[in-house]
Protein chains: 2
Amino acid sequence: MLRQPQKQIANREKNISRIKEAAEYVFAEHGYFGASFSLIAKQAKLPKSNIIYYFTNKETLYRAVVEDIFDIWRSAADSIKKDNDPSTAIAEYIDTKLEMARNRPFGSKVWANEVIQGAPIVQDYMEDELHRWTNDRMVVIQHWIDSGKLRATSARHLLYLIWAGTQHYADFQHQIETLNDNHPLTDEQWQETKYFLKDIILRGICVE
Amino acid sequence: MLRQPQKQIANREKNISRIKEAAEYVFAEHGYFGASFSLIAKQAKLPKSNIIYYFTNKETLYRAVVEDIFDIWRSAADSIKKDNDPSTAIAEYIDTKLEMARNRPFGSKVWANEVIQGAPIVQDYMEDELHRWTNDRMVVIQHWIDSGKLRATSARHLLYLIWAGTQHYADFQHQIETLNDNHPLTDEQWQETKYFLKDIILRGICVE
DNA sequence: ATCTTTTCTGACTACTTAATCAGTTAAACC
DNA sequence: GGTTTAACTGATTAAGTAGTCAGAAAAGAT
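It should be emphasised that the depicted structure is a prediction, and the values quoted were computed from it without experimental measurement. The residue count restarts for each chain, going from 1 along the sequence in the order it is written. Labels follow written order: the first chain is A, the first ligand is 1, and so on. Only residues with pLDDT of at least 70 are given local features in this predicted model, and only at 80 or more are side-chain atom pairs given and counted; all residues enter the totals for whole chains, interfaces and linings. Note that water and hydrogens are dropped before the side-chain values are worked out from all heavy atoms of the structure.

## Focus: the overall build of chain A
Reasoning step 1: Secondary structure is summarised from DSSP: a helix means a run of H or I of at least four residues, a strand means a run of E of at least two, and numbering begins at the N terminus for each. Within chain A, the secondary structure is distributed over 10 helices and zero strands.
Reasoning step 2: In chain A, the succession of α and β elements from N to C terminus is α-α-α-α-α-α-α-α-α-α.
Reasoning step 3: Out of the 208 residues belonging to chain A, those deemed buried represent 53%.
Reasoning step 4: In what follows, a contact means two residues having at least one pair of non-hydrogen atoms within 4.5 Å. A fraction of 71% describes how many contacts in chain A between residues 6 or more apart in sequence connect residues 24 or more apart.
Reasoning step 5: By the counting rule applied here, Lys and Arg register as positive and Asp and Glu as negative, while His and the ends of each chain are not counted. To locate a charge, take NZ of a lysine, CZ of an arginine, CG of an aspartate or CD of a glutamate. Side chains of chain A give 26 positive and 29 negative charges; the mean places of these two sets differ by 7 Å. Burial classification: accessible surface area is computed with a 1.4 Å probe over protein chains only, and a residue below 20% of its type maximum counts as buried, one above 50% as exposed, and the rest as partly exposed.

## Structural notes on the interface of chain B and chain A
Where the parts come together, the accessible area they lose is often given as the size of the interface.
Reasoning step 1: The interface of chain B with chain A comprises 56 residues on the first partner and 56 residues on the second.
Reasoning step 2: Note on chain B versus chain A: buried area summed over both sides is about 5,000 Å², and carbon and sulfur give 63% of it.
Reasoning step 3: Each reported salt bridge corresponds to a side-chain nitrogen of Lys or Arg within 4 Å of a carboxyl oxygen of Asp or Glu. Our count for the chain B to chain A interface comes out at two salt bridges.
Reasoning step 4: For the salt bridge of Arg151(A) with Asp199(B), the shortest nitrogen-to-oxygen distance reads 3.0 Å. By convention, the term buried area covers the 1.4 Å-probe accessible surface removed from two parts as they join, with the contributions of both added.

## Let's talk about the relation of the copies chain B and chain A
Reasoning step 1: Structural alignment of chain B on chain A gives an RMSD of 0.0 Å, achieved by rotating through 180° and translating 0.0 Å along the axis. In symmetry terms, the pair is related by a two-fold rotation axis.
Reasoning step 2: With an isologous cut-off of 70% or more, the 100% of interface residues of chain B that recur at the interface of chain A puts this contact in the isologous class. For this overlay, a least-squares fit was computed on C-alpha atoms, restricted to residues scoring pLDDT of at least 70 in both copies.

## Points about the nonpolar core
Reasoning step 1: The criterion is simple. A nonpolar core is a set of buried Ala, Val, Leu, Ile, Met, Phe, Trp, Tyr and Cys residues joined through side-chain atoms within 4.5 Å. Of all hydrophobic cores here, the largest spans 142 residues; its most connected members are Phe27(A), Ile90(A), Trp111(A), Phe27(B), Ile90(B) and Trp111(B).
Reasoning step 2: Phe27(B) has contacts with Tyr32(B), Ala35(B), Ile40(B), Lys58(B), Leu61(B), Tyr62(B), Val65(B), Val110(B) and Asn113(B), leaving out every residue within four places of it along the chain.

## Digging into unusual backbone geometry
All names here are of chain A.
Reasoning step 1: Positive phi is not limited to glycine here, since Lys45 has a value of about 55°.
Reasoning step 2: Structurally, the position occupied by Lys45 is in the loop between α2 (37-44) and α3 (48-55).
Reasoning step 3: With a phi close to 55°, Asp181 is a non-glycine residue in the positive phi region.

## Considering the environment of Glu192(B)
Reasoning step 1: The topology assignment puts Glu192(B) in helix α10 (residues 187-205).
Reasoning step 2: Judged by relative accessible area, which is 39%, Glu192(B) ranks as partly exposed.
Reasoning step 3: Sequence-distant contacts of Glu192(B), defined by excluding residues within four places in its chain, comprise Ser154(A) and His157(A).

## Concerning the domain arrangement of chain A
Residue and element names in this part refer to chain A.
Reasoning step 1: According to the domain assignment, chain A consists of domain 1 (1-56) and domain 2 (67-205).
Reasoning step 2: Using only C-alpha atoms to locate each centre, domain 1 and domain 2 end up separated by 29 Å.
Reasoning step 3: With eight residues of domain 1 at the interface, the matching set in domain 2 holds nine residues.
Reasoning step 4: In total, about 700 Å² of surface goes out of reach between domain 1 and domain 2, with carbon and sulfur atoms giving 58% of it.
Reasoning step 5: Of all residues in domain 1, Glu24, Ala28 and Tyr32 bury the most surface against domain 2, accounting for 58% of the area lost on that side. Domain segmentation is taken from an automatic or database assignment of domains.

## Some points on the packing of helix α1 (residues 7-34) of chain B against helix α2 (residues 37-44) of chain B
For any two helices packed against each other, the geometry is given by the interaxial angle and the distance between the axes.
Residues and elements named next belong to chain B.
Reasoning step 1: For every element, the axis is a line fit to its C-alpha atoms; helices are fit only across the contacting stretch, and the angle between N-to-C directions ranges from 0 to 180 degrees. Viewed as axis vectors pointing N to C, α1 and α2 meet at an angle of 145°, and their least axial separation amounts to 9 Å. Remark: the crossing between α1 and α2 carries right-handed chirality. Residues Arg18, Ile19, Ala22, Ala23, Tyr25, Val26, Phe27, His30 and Gly34 of α1 lie in contact with α2, whose contacting residues are Leu39, Ile40, Gln43 and Ala44.
Reasoning step 2: Only Asp, Glu, Lys and Arg are considered charged, only Ala, Val, Leu, Ile, Met, Phe, Trp, Tyr, Cys and Pro nonpolar, and every remaining residue, Gly among them, polar. Grouping the amino acids of the contact of α1 with α2 by side-chain chemistry returns nine nonpolar, three polar and one charged. Put simply, a crossing is left-handed when the front helix is turned counterclockwise from the back one by less than a right angle, and right-handed when it is turned clockwise.

## Remarks on α3(A)
Residues and elements named next belong to chain A.
Reasoning step 1: The set of residues buried in α3 consists of Asn50, Ile51, Tyr54 and Phe55. The buried residues of α3 occupy an angular sector of 115° when projected down its axis, which confines them to one face. α3 presents Ser49 and Tyr53 as exposed residues on the side facing more than 90 degrees away from its buried surface.
Reasoning step 2: Looking at the buried positions of α3, the neighbouring elements they touch are α1 (7-34), α2 and α4 (58-76).
Reasoning step 3: Thr56, located one to two residues past α3, shows a positive phi value of around 65°. To obtain the arc, one takes the directions from the helix axis to the C-beta atoms.

## Topic: the packing of aromatic side chains
Note on aromatic pairs: each is described by the distance of the centres and the angle between the planes.
Reasoning step 1: Each Phe, Tyr or Trp ring (for Trp, its six-membered ring) is paired with any other whose centre lies within 6.5 Å, and the angle between the two planes then decides the class: stacked below 30 degrees, edge-to-face above 60, tilted in between. The tally for this structure, following the rule as stated, stands at 26 aromatic pairs over all chains.
Reasoning step 2: Ring plane angle 25° and centroid distance 5.7 Å describe the contact between Phe70(A) and Trp111(A), whose orientation is recorded as stacked. You can see Phe70(A) sitting in helix α4 and its partner Trp111(A) sitting in helix α6 (residues 105-116), a full 41 residues away along the chain. A single burial state applies to Phe70(A) and to Trp111(A), both of which are buried.
Reasoning step 3: Pairing Phe70(B) with Tyr125(B) gives two aromatic rings, centres 5.1 Å apart and planes at 80°, and the pair type is edge-to-face. With Phe70(B) in helix α4 (residues 58-76) and Tyr125(B) in helix α7 (residues 123-146), this pair connects stretches of sequence that are 55 residues apart.
Reasoning step 4: Overall, Tyr125(B) belongs to the buried group, its relative accessible area being 10%.
Reasoning step 5: Each member of the aromatic cluster is reached from another via a ring pair, and the members are Trp133(A), Tyr160(A), Trp163(A), Tyr169(B) and Trp190(B).
Reasoning step 6: Over the face of the ring belonging to Trp73(A) we find Lys97(A), whose NZ or CZ atom lies 4.5 Å from the ring centre. Charges are assigned to positions over rings by a cutoff of 6 Å between ring centre and Lys NZ or Arg CZ, combined with an angular limit of 35 degrees from the ring normal.

## Section: the environment of Glu127(B)
Reasoning step 1: Mapped onto the elements, Glu127(B) comes out in helix α7.
Reasoning step 2: With a relative accessible area of 35%, Glu127(B) lands in the partly exposed category.
Reasoning step 3: Residues within four places of Glu127(B) in sequence aside, it is in contact with Thr178(A) and Asn182(A).
Reasoning step 4: At 2.7 Å, the side chain of Glu127(B) and the side chain of Gln123(B) are in polar contact. Distance and chemistry together define a polar contact, namely a pair of N or O atoms within 3.5 Å, with one atom able to donate a hydrogen and the other to accept it when in protein, and with adjacent residues in sequence counting only for side-chain atoms on both sides.

## Focus on the packing of helix α8 (residues 155-171) of chain B against α10(B)
Residues and elements named next belong to chain B.
Reasoning step 1: Running from N to C, α8 and α10 point in directions that differ by 170°, and their axes come no closer than 11 Å. Here α10 runs roughly antiparallel to α8, going by the angle between their axes. Contacts from Leu158, Leu161, Ile162, Gly165, Thr166 and Tyr169 in α8 reach Trp190, Thr193, Leu197, Ile201 and Ile205 in α10.
Reasoning step 2: Tallied by class, residues from the contact of α8 with α10 come to eight nonpolar, three polar and no charged. In this scheme, roughly parallel covers angles under 35 degrees and roughly antiparallel covers those over 145, while 65 to 115 is roughly perpendicular and the rest are oblique.

Here it is in structure tokens:
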């Protein structure tokens, strides 16, 4: 005899991810203060009280959204490992990061908004997780430099340039589309972007 | 006999620029919706009603702040002219843009916030002024490429990379300082940044 | 000195917001 | 089937918001 008592659990998970998706969108488009429960509720097509039932308050929901994005970004840098070939690893990182800019622009925007405003909510997260994570990657890049596999440039600024160059296409998506005569970028244009970023950055850091 | 009847005019100008400065800061730190008249008033040390007296409403004040920043950015690209030497011109542009990131980070942040949220207020500005301005610069860069003074890369993406790479240090200032052990960048670190960006980007676009 | 115009401001209003809570509905358990 | 527990929600509240407005104060004009 089949038992299917997990109706509640399944429903809970469905609702939570639905709320987070709606919230990511609304926080990105309106900022923390501009995003109201009623807007998020409308977007999620759920009653406002239901959202508060799951997340207690605005800040908790917001944190959930930000942490989700951070986890995804973190995984993008899996290729930055000591034993990998630097050019291939960095090319892969740029590719992945740019695909994320294309596929998850709202998360990127939420993060950008938060940092611009001085990270009032996720300050601790930046000081712990991001700080440690960044240092780890920098050690790898420095190792590549020290072993002569990369030109002697700044590991730190290289990371910043990759972040800036890729996230720009998510965060400033609206500006880029406006300058593209109000059209979203086509597949070819995204391809061109990938090629350009890798071309410039790799040329700048590879030993000649 | 001296006449000094311009007391009103002088005072008006003083107040207006004081309000705009305060507003730039508060909009940057809190976003459009998070920035309230009372916060701006407190920052400017003027009564709330006085701010509304000068700017009528929030949107008008906001537009004034955004247009100010845009004007300043525009002037940064004066070096991008057909007859200039490409490397020197672009190096100069990067330098100037990075100095602005350092000296006027709040303006940059306001612009970033606005664009991230889909430019709800300055859409028209982007479609007219920014669009025309960007196209003009792209024509110059394309001319450099066509006359063999630059490698054949994308003029458009080159501009984006310069914007992204420089503005990052304003918009993500807080993240950068957190990763710098909670210290603002020193003069040498800013110098290093300038050097890095020019090194990578120029190496990427100059004919070998 | 008096009148006019501009500058300025505190008190107020209509509205929106995050969050609470009492009460309802639905699922799980026995 | 009946009971317990979790899921859910509409109505309400207290706090904060943008913007109004009547009238005071200062500056300029004659």
